[in-house]
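Per-entry structural report
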Protein chains: 2
Amino acid sequence: MAAPQSSGSIPPSIADAYDPERFRRDGHALIDALADQLAAATGRDEAPVLALGDPTAARAAWAFDPAASPVALVDTLTAAAAGAIRLHHPRYLGHQVPPPIPGAALGDLVSALCNNGMSVYEMGPTAMPIEFAVIDWMAQAVGLPSTATGVLTSGGSVGNLTALLAARQARAGWDVWGAGDPGGPPLAVLCSSQVHYSIARALRIMGWGADGAIAVPVDDRFRLDPAALPAALERARALGRRVIAVVASAGATATGAFDPLLAIGDFCAAHGLWLHVDGAHGAALAISKHRALVDGLARADSIVWDAHKMLAMPALCTAVLFREPGRAYEAFAQEASYLFEGARPDAEWWNLGLRTLECTKRMMALKLYACLRAYGPGLFTDYVERTVALGAALAARLAATDDFELATPPDANIVCYRWRPRGAPAPGPALDAFTAQLRRRAVADGRFYILQTRLGAGLWLRSALMNPLTEDRDLDELLDHVRALGADLVTE
Amino acid sequence: MAAPQSSGSIPPSIADAYDPERFRRDGHALIDALADQLAAATGRDEAPVLALGDPTAARAAWAFDPAASPVALVDTLTAAAAGAIRLHHPRYLGHQVPPPIPGAALGDLVSALCNNGMSVYEMGPTAMPIEFAVIDWMAQAVGLPSTATGVLTSGGSVGNLTALLAARQARAGWDVWGAGDPGGPPLAVLCSSQVHYSIARALRIMGWGADGAIAVPVDDRFRLDPAALPAALERARALGRRVIAVVASAGATATGAFDPLLAIGDFCAAHGLWLHVDGAHGAALAISKHRALVDGLARADSIVWDAHKMLAMPALCTAVLFREPGRAYEAFAQEASYLFEGARPDAEWWNLGLRTLECTKRMMALKLYACLRAYGPGLFTDYVERTVALGAALAARLAATDDFELATPPDANIVCYRWRPRGAPAPGPALDAFTAQLRRRAVADGRFYILQTRLGAGLWLRSALMNPLTEDRDLDELLDHVRALGADLVTE
């Protein structure tokens, strides 16, 4: 060993970057710039919701050149924000990604600066209890027993994977975690074609392949048909698959349809199957007057609920809830002597890393916790009911016209529709092509943001009503806007 | 359809929570509070680095009571920050979680407020090109060819899983994604016992069980011994396993040891194996004068590199880099008509959701990009070299004493050591118990934050030198501090 005993002095670059007064200066400048941008967006300024350039040109414009002159931190940040899609604009009517409550973004600033990795309690002295406070509130909100528990994780996809890993370990019939597959017949779950693509992804990650998901037919409103479950179970058996779970959607992605949880729960109970509910979008309806849509949620063995959807949090903030607390430890086991001390994971309930796929984890509960304390749960109830009312208002408008077609009456705040005026093609490839072209025009125009999705055989426009600042006049203007874009297309 | 055409008026709770002027007010107050806290921590105030209460009491203290009076948002946030473990204090000498560059936390504020979900380009008009700018810089930094690509994802555990899924799909010999396991013999990877626990987790998630990881012996400095690879391959074959990859560590977690990548790369090339390098911690050494430690990194098929480790970013910001660009699409395939249009994923290179396990994803590149432009890459080189110098300085101090024992000369900035004064027990259970007790005292005291880890048969104290504001005097005082705590223990 001839290592020098001195580490030398702190380089000026480090002293400068870590200077608290620099942070203070930059911080104040940034807050003002963001508040101004927020006021412009919520105030319905004339600038587009989305200004989308050619992707190759965008990549060139934002390329990083190490030899270029420095650009002030706040300049880069405000430019990135200015060019982002503006979720706070009331004409953002697109994905199930909300305009976050601005105070929650301040919570994320604290999480980032503190950077408590929180896989062990020592690394999250406040992050740990705050996560439990949020989990307890969420578990209680969906009606789970007081012994239920769970964990927050980075996103619904990781959340669904976590829940399915717990289901696999609990119901496969052998120790899959330790012995691996195959230790018995190939496994499968039953689910409708409308489940989020992260379910199929999770199954393929686990090595179950395409046949790991056995499709259950849906009714005419895209809800899983519980009467079709026995036949699906038979079909799985005929394929040589052992079914361990049913995955239901509380708010399917494409249409927002809610699967009938009570009937599915009965089927699961009768057949010893795990019930996983992907409530990423819709579990939040439990805190609203629309809670009948999620009747039966409390019978789930596991629930995924994204606070970054219908609780208006910035991404990511996903809860994975387990009715039986021990299940929270079944998804993962690990050895990491630098982290954990105990031989039994539940002897260290305060070390949240024992329950998640993640090692280092953001303090993601803080934003929701701070908003709950500042605004009360009522704000979230208002948010859910407001966005569902917007979905109903849009659907009612569409249904009252003779040139728009509604795919299905929306259960909540996701609406699928298309423009089909007199003389438009009948449903089929020509109408689909027209709808796709119309949607491309809408994106290029940018004054409203709407989506498209394939439902059964047809292509439809799609809007998730996630912005509670959207008003009736925006919905009226959306219809006029689509008509005008469509008329231009027809003329050409 | 009898849905009402009106959505009603915006509830006052919503108008208030989304008020830009409220954001401005709260934001300025929060910035000042955080800047003050930062000044106290970096200024080595007398308050402890870590003040850890009883976990049950903490949970009670932070419980959320929906009926309680509102607490101002900024009050909750500053209290949560005040009770956090203070990574910016120069006596934080614990986990591989850095005190983030404060300006990067401001970048995370922008990411949170904009909340661009970025799985498709439309939902990240600036997030997409900024992510590519960061990926390009990182790929170039580790010497990958200019055609290399990758993706950012939420954490090293998800990153390692992503890379191993790509390896599985590329090298299993059949379409595991579509057909599932088993479509051939059970699979395995070769790796040392020192790889991060997320590697074993990923293999168990994929259903490979405990035997999915075939252990390769390490040398006396905890580096994978390449001479032992052929025997490990034979052992796997004897177990009936088909080996598809070697997983090497560029900075193993416990000791920071760097596996010899050139020799491992030769072995992989000779046997047609995928080389995955978990460089979560150490890939950053490529931008420093210590780059010889990662010689061979450019031969990897996949690399994981956490910017939230040695690039001093707030968690999470993990890059998964692929030498062959097509591999970036092999980990995942999916159908989500509301998201993607193309039949071939690489026809939509700008839609990053095609490459990650995540659907909604934070704009996680922005913080690093803004810092690169503001401070230049030199800041990161200085950060890496400073923290490695601190590791060497601590090791030299320990080696120069006769009462401390160094587990192994550190390759970089992770140092394992124990206090073993004259009269202390010989290595074995008694010394381990003493070390564990000493570490518990250190946590309870809280003026320094250090860890423990098991290395081979023994228990050691462990420090990752992640705070570039740590100075020689802190290291001197750490030794005195451990001695004083140890002397108290001996006296009792």
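Residues numbered from 1 in each chain as written. Chains lettered and ligands numbered in written order. Predicted model: local features only at pLDDT ≥ 70, side-chain atom pairs only at ≥ 80, totals over all residues. Heavy atoms only, no water.

**What about the overall build of chain A?**
Looking only at helices and strands, one finds 16 helices and eleven strands in chain A. Rg of the C-alpha trace for chain A: 25 Å, near the compact-globule value of 23 Å for 492 residues, within the 12% margin. Within the span of chain A, comprising 492 residues, buried residues form 66% of the whole. Partitioning the intrachain contacts of chain A with sequence separation of at least 6 by distance along the chain shows that 74% fall at a separation of at least 24. Of the roughly 15000 Å² that chain A leaves accessible, carbon and sulfur atoms contribute 53%. The average position of the 42 basic charges and that of the 51 acidic charges among the side chains of chain A differ by 4 Å. (Helix = DSSP H or I, 4+ residues; strand = E, 2+ residues; numbered from the N terminus. Rg over C-alpha atoms; globule rule 2.2 N^0.38 Å. Buried < 20%, exposed > 50% of the residue type's maximum accessible area, 1.4 Å probe, protein only. Contact = heavy atoms within 4.5 Å. Areas by Shrake-Rupley, 256 points an atom, 1.4 Å probe, with all protein chains shown as cover. Lys, Arg positive; Asp, Glu negative; His and termini not counted. Charge placed at Lys NZ, Arg CZ, Asp CG, Glu CD.)

**Some thoughts on the sheet that holds strand E5 (residues 274-278) of chain A**
Residue and element names in this part refer to chain A. A sheet is described by the order of its strands in space; here seven strands give the open sequence E1-E7-E6-E5-E4-E2-E3, paired in mixed fashion. If you trace the sheet from one side to the other, it starts and ends with strand E1 (149-153) and strand E3 (213-216), each paired once. Neighbour to neighbour, the strand axes of the sheet diverge by 20° on average, direction disregarded. Where E1 meets strand E7 (residues 318-322), five bridges bridge the pair, whose relative direction is antiparallel. Within E7, the position partnered with Gly150 by the bridge is Leu321. (Pairing = 2+ DSSP bridges. Axes fitted to C-alpha atoms, helices over the stretch in contact; angles between N-to-C directions.)

**A closer look at the pairing of strand E10 (residues 451-455) of chain B**
Residues and elements named next belong to chain B. Among the five residues that make up E10, four are buried, leaving the element largely enclosed by the rest of the structure. Alignment of E10 against strand E11 (residues 458-464), held across five bridges, turns out to be antiparallel. Within E11, the residue paired with Leu455 across the bridge is Gly458. Linking two consecutive strands that pair antiparallel, namely E10 and E11, is a turn of two residues; a positive phi of about 55° is found at Gly456 within it.

**Observations regarding the interface of chain B and chain A**
Contacts between the two partners involve 177 residues from chain B, matched on the other side by 177 residues from chain A. Both faces considered, chain B and chain A share a buried interface measuring about 15800 Å² in area, 66% of it formed by carbon and sulfur atoms. Summed over the shared surface of chain B and chain A, the result is ten salt bridges. For the interface between chain B and chain A, the tally reads 67 residue pairs in polar contact (both at pLDDT 80 or more). (Buried area = accessible area lost by both parts, 1.4 Å probe. Salt bridge = Lys/Arg side-chain N within 4 Å of Asp/Glu carboxyl O. Polar contact = N/O pair within 3.5 Å; in protein donor to acceptor, adjacent residues only side chain to side chain.)

**Structural notes on the pairing of strand E4 (residues 242-249) of chain B**
All names here are of chain B. The buried fraction of E4 amounts to seven of the eight residues, a majority that puts the element mostly inside the structure. With five bridges connecting them, strand E2 (residues 187-192) and E4 associate as parallel partners. Note that in E4 the partner of Val189 across the bridge is Ala245. In terms of handedness, the path from E4 via helix H11 (residues 261-271) over to strand E5 (residues 274-278) forms a crossover that is right-handed. (Right-handed = clockwise from strand over helix to strand, strands pointing away.)

**Focus on the nonpolar core**
Counting 297 residues, the largest nonpolar core has A:Ile101 and B:Ile101 as the members making the most contacts within it. Among residues more than four places away in sequence, those in contact with B:Ile101 are A:Ala17, A:Tyr18, B:Leu311, B:Ala312, B:Met313, B:Cys371, B:Tyr375, B:Leu379 and B:Phe380. (Core = buried A, V, L, I, M, F, W, Y, C linked by side-chain atoms within 4.5 Å.)

**Details of unusual backbone geometry**
Residue and element names in this part refer to chain B. The omega torsion across Asp181 and Pro182 is -5°, close enough to zero to call that bond cis. Mapped onto the secondary structure, Pro182 falls in the loop between helix H8 (176-179) and E2. Here the amide bond leading from Ala315 into Leu316 is cis, since omega sits at 0°, within 30 degrees of zero. In this fold, Leu316 is placed in the loop between helix H12 (307-310) and strand E7 (318-322). In the Ramachandran plot, Ala312 falls in the positive-phi region, its phi being about 60° despite a non-glycine side chain.

**Remarks on the domain arrangement of chain A**
Residues and elements named next belong to chain A. Domain boundaries in chain A define domain 1 (20-62 + 72-100 + 376-492) and domain 2 (117-375). The C-alpha centroid of domain 2 is placed 29 Å from the C-alpha centroid of domain 1. Contact with domain 1, which involves 26 residues of that partner, is made by 34 residues of domain 2. Approximately 2500 Å² of surface area, both sides summed, lies buried where domain 1 meets domain 2, with 65% of it carried by carbon and sulfur atoms. Ranking the residues of domain 1 by area buried against domain 2 places Gln96, Phe380 and Asp411 at the top, with a combined share of 27%. (Domains from an automatic or database assignment.)

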